[in-house]
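So you can see what is in the structure, the chains are spelled out below.
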Amino acid sequence: MPPHDHRTRLAARPRRRETLRAFLDFHRATLALKTEGLTDEELRRRSMPPSTLTLLGLVRHMAEVERTWFRRVINGEDIPLVWSAEGDYQAAYDPDGSTGAEAFAAWQEEVAQSRRIEQAAPSLDVTGYQPRWGEHVSLRLVMLHLIHEYARHNGHADFLREGVDGTVGA
């Protein structure tokens, strides 16, 4: 790993919950690594018109994802989205008027809340209601969903970062 790579090393033979936790933290750290050292202008750069996707938008989106799945679904908190009181998930993708500091602070706060909720849960079988799906979902499914969500968006971040300054890998 490069010297600036502080991602969690995955155990070769971990237990189930620790495996999910380690993969989720690995992908969270990968997003941070993909955005490391960039200015607000670079974080807002769109690499492939007509797409409006940016690294800053991805960080904001992942803050919403963390908040929704852990706080709203698993913890049952009646709270609005971070960037839209009306529940518009697309609002997070719009980086205009946002700063990296603001986005990363919100994302880090939501990650901290997610970790707290996951660690307090007695098992992966804890459930919460997902209104968009109309059913109860387990903490296990939520963690798997977030791993999938980060993995997919980290792939987007690879291309976006390369378009900003040519950096590839990680």
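Below: a short report on this structure. (Residues numbered from 1 in each chain as written. Predicted model: local features only at pLDDT ≥ 70, side-chain atom pairs only at ≥ 80, totals over all residues. Heavy atoms only, no water.)

1. Overview of the overall build of the protein
Working step 1: Of regular secondary structure, the protein possesses five helices and two strands.
Working step 2: Secondary structure elements in the protein, listed N-terminal to C-terminal, are α-α-α-α-β-β-α.
Working step 3: Relative to its length of 170 residues, the protein is compact, with a C-alpha radius of gyration of 16 Å against a globular reference of 15 Å.
Working step 4: The C-alpha extent of the protein, read off along each of the three principal axes, is 45 × 45 × 25 Å.
Working step 5: Every one of the 170 residues in the protein was classed for burial, and the buried ones make up 44%.
Working step 6: Sequence separation of 24 or more characterises 69% of the internal contacts of the protein that already satisfy a separation of 6 or more.
Working step 7: Surface accessibility of the protein: about 9100 Å² in total, with carbon and sulfur atoms responsible for 52%.
Working step 8: Between the centroid of the 22 positive side chains of the protein and the centroid of its 25 negative side chains there is a distance of 7 Å. (Helix = DSSP H or I, 4+ residues; strand = E, 2+ residues; numbered from the N terminus. Rg over C-alpha atoms; globule rule 2.2 N^0.38 Å. Buried < 20%, exposed > 50% of the residue type's maximum accessible area, 1.4 Å probe, protein only. Contact = heavy atoms within 4.5 Å. Areas by Shrake-Rupley, 256 points an atom, 1.4 Å probe, with all protein chains shown as cover. Lys, Arg positive; Asp, Glu negative; His and termini not counted. Charge placed at Lys NZ, Arg CZ, Asp CG, Glu CD.)

2. Some thoughts on the pairing of strand E2 (residues 135-138)
Working step 1: In terms of strand pairing, strand E1 (residues 127-130) meets E2 through four bridges, oriented antiparallel. By the bridge assignment, Thr127 is partnered in E2 with Ser138.
Working step 2: With antiparallel pairing between neighbouring strands as the criterion, E1 and E2 make up a hairpin whose turn holds four residues, including Gly134 at a positive phi of roughly 70 degrees. (Pairing = 2+ DSSP bridges.)

3. A few points about the packing of helix H1 (residues 16-35) against helix H4 (residues 100-120)
Working step 1: Interaxial distance between H1 and H4 falls to 13 Å at its minimum, and their mutual angle equals 175 degrees. Overall, the two elements H1 and H4 adopt an arrangement that is roughly antiparallel. Within the contact between the two elements, H1 uses Arg17, Arg21, Asp25, Arg28, Leu31, Ala32 and Thr35 and H4 uses Phe104, Trp107, Val111, Ser114, Arg115, Glu118 and Gln119.
Working step 2: In the contact of H1 with H4, the residues fall into five nonpolar, three polar and six charged. (Axes fitted to C-alpha atoms, helices over the stretch in contact; angles between N-to-C directions. Parallel < 35°, antiparallel > 145°, perpendicular 65-115°, else oblique. Nonpolar A, V, L, I, M, F, W, Y, C, P; charged D, E, K, R; others polar.)

4. Regarding helix H5 (residues 139-165)
Working note: α-helix, 3.6 residues per turn, so residues spaced by three or four point in the same direction.
Working step 1: End to end, H5 covers 38 Å across 27 residues, agreeing with the expected 39 Å (1.5 Å per residue, within 8%).
Working step 2: Immediately beyond the C-terminal end of H5, within one or two residues, lies Gly166, with a positive phi of roughly 85 degrees. (Expected span 1.5 Å × (residues − 1).)

5. Description of the packing of aromatic side chains
Here the distance between the centres and the angle between the planes together describe a pair of aromatic rings.
Working step 1: Throughout the structure, instances matching the rule amount to two aromatic pairs.
Working step 2: Ring centres of Trp69 and Trp133 lie 5.2 Å apart, and the angle between their planes is 65 degrees; this geometry places the pair in the edge-to-face category. In this pair, Trp69 is assigned in helix H3 (residues 55-74) and Trp133 in the loop between E1 and E2, connecting sequence segments 64 residues apart.
Working step 3: The exposure class assigned to Trp69 is buried, which follows from its relative accessible area of 7%.
Working step 4: Taking the relative accessible area as the measure of exposure, Trp133 reaches 42% and is therefore partly exposed.
Working step 5: Ring centres of Phe104 and Trp107 lie 6.2 Å apart, and the angle between their planes is 75 degrees; this geometry places the pair in the edge-to-face category. With Phe104 and Trp107 both in helix H4 and three residues apart, this pair spans about one turn of that helix.
Working step 6: Taking the relative accessible area as the measure of exposure, Phe104 reaches 16% and is therefore buried.
Working step 7: When the ring centre of Tyr89 is taken as origin, the NZ or CZ atom of Arg132, which lies over that ring, is 4.8 Å away. (Phe/Tyr/Trp six-rings, centres within 6.5 Å; stacked < 30°, edge-to-face > 60°. Lys NZ or Arg CZ within 6 Å of the ring centre and 35° of its normal.)

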